[in-house]
Every structure is written in C-alpha cells, then in structure tokens.
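Below are the chains, spelled out letter by letter.
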Amino acid sequence: MKLSDDIEKVLISEEQLEAINTRLAKELSTDYAEKNPIFVCVLKGAVLFLTDLVRKMDSPVEIEFMDVSSYGDEMTSSGDVKILKDLDVSVAGRDVVFIEDIIDTGLTLKYLIELFKTRQAKSVRICTLLDKEENRQVNIKSDYVGTTVPNEFVVGYGLDFAEKYRNLPYIGVLKPEVYQN
Ligand code: PRP
C-alpha cells in the first residue's frame, strides 16, 4: 500500500517543516548558546523533529530520550501518563528543553514538567513542533512552537495512527475513513 493514499491533504509540507526547523534552531542556538542544555526527546513522535532540529543548531546540546504513553492506540487522552523509558542521566541543576511533536490536551507535558521540578532541573522549557491549542485541558504553554494546528487527525513526520504514517516526510490530515474503520 501507499501511505500517501490515506492522506486527505498535506497540512505542512517538507519545505514548510524545513523553514520551521531553521527558525526554531536559530532561536534555540541563541537562547542556549552558553547553557549546554539537555534536550529531552519524548518518544516516539518527536524523533524526526529532534534529529532535523539539532542538525541545524550550532551550539552544544545533549540529547536524551524518554518514552511516555498516555494514549496507546486510542484517539483521546486518558490523562494517565506512564513512564515507559526514563532518562539515564540526572537533570539536577541542568537546563532542560522538552522536544515534542505535538501538544494536545497538555496532560503529558504537565506531568513531565512537575516531575522535572521534583528532580531539581535548573530550568525547564518546551519546544513543540505542533500546538493543538484548542484541545488544551490544562494550563501548559510551549516556549517554542513550530506552528499551531487545527483539531484534525494529523499524521506524518513522526506522528502516527496505530504506529503507522510516522515515516511520511510531511504532516498530513488522515482521511476519516481510515480511522473510522
Ligand atoms: C503524543 C505526543 C505527546 C502527547 C501529547 O504522544 O507525542 O507526547 O501525545 O498529547 P497530550 O498533550 O494530550 O498529552 P503519544 O502518546 O501518542 O506517543 P507517541 O509519540 O509514541 O506516538
């Protein structure tokens, strides 16, 4: 099958993603030039974004990974955040930037930010590629935002539906018949 056959429309093209990454990388390089931050990539969706973003940065960053789950294969958040893989390093006294593909209800990041406060990170900021602002259930604001997106079922460039479509090079809207089946 062709993944692209299931896409109703391209929401953010490869060129637009490239421009977003260039802008965010510049901002982060400036803001964190002397801080040697830890970028915490929240698996799995943010992997493609992280790798493209850091390659455009000309300041030192450390990269770590965490895997949390709040959705499973369901379409709505349960609010129940589980740590599937934790960090291997201490964040005490460090400047942390969470790298996310999308903030939806905000429940995942609210949980992570509280957790990292107890772990005594020096600072904690958020960088998200996509912000589905209108779905927010808790008061979480991203410090760096690629772009806001409407409340549609978006996939590609790391974002999945039932583990599929992550390898599309753009962000697209899934045809309703795909997830309604
Ligand atoms: C997605 C996304 C965020 C979270 C955002 O991850 O990557 O981590 O949901 O949703 P929220 O703001 O409503 O909490 P998901 O659990 O789908 O895992 P994945 O990245 O491995 O696909």
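Since the structure is predicted, the reported quantities are computational estimates derived from the model, not experimental observations.

Draft legend 1. Structural view of unusual backbone geometry. Of note, the amide linkage connecting Leu43 to Lys44 takes the cis form, showing an omega dihedral of -10°. Counting through the fold element by element, Lys44 comes out in the loop between β2 (38-43) and α2 (47-54). Of note in this structure, Gln120 is not a glycine but carries a positive phi near 65°. Tracing the backbone shows Gln120 in the loop between α3 (107-118) and β6 (123-131). Unlike most non-glycine residues, Ala162 shows phi in positive territory, near 50°. Inspection of the secondary structure assignment puts Ala162 in the loop between β8 (154-155) and β9 (171-174). Given the relative accessible area of 42%, Ala162 is considered partly exposed.

Draft legend 2. Structural context of the packing of aromatic side chains. Tallied over the entire structure, the rule returns four aromatic pairs. Relative to Phe116, the ring of Phe98 lies with its centre 4.8 Å away and its plane at 65°, an arrangement referred to as edge-to-face. Here Phe98 is found in strand β5 (residues 95-103), whereas its partner Phe116 is found in helix α3, with 18 residues between them in sequence. Ring centres of Phe153 and Tyr179 lie 5.0 Å apart, and the angle between their planes is 25°; on these two criteria the pair is classed as stacked. Note that Phe153 is positioned in the loop between β7 (144-148) and β8 and Tyr179 in helix α4 (residues 176-180), a separation of 26 residues in sequence. Of the residues examined, Phe153 reaches a relative accessible area of 17% and is grouped as buried. Note on Tyr179: relative accessible area 23%, which makes it partly exposed. Members of the aromatic cluster, joined through ring pairs, are Phe153, Phe161 and Tyr179.

Cut-offs and rules
- Residues numbered from 1 in each chain as written.
- Predicted model: local features only at pLDDT ≥ 70, side-chain atom pairs only at ≥ 80, totals over all residues.
- Heavy atoms only, no water.
- Helix = DSSP H or I, 4+ residues; strand = E, 2+ residues; numbered from the N terminus.
- Buried < 20%, exposed > 50% of the residue type's maximum accessible area, 1.4 Å probe, protein only.
- Phe/Tyr/Trp six-rings, centres within 6.5 Å; stacked < 30°, edge-to-face > 60°.

Remember that the coordinates give geometry; whether it matters functionally is a separate question.
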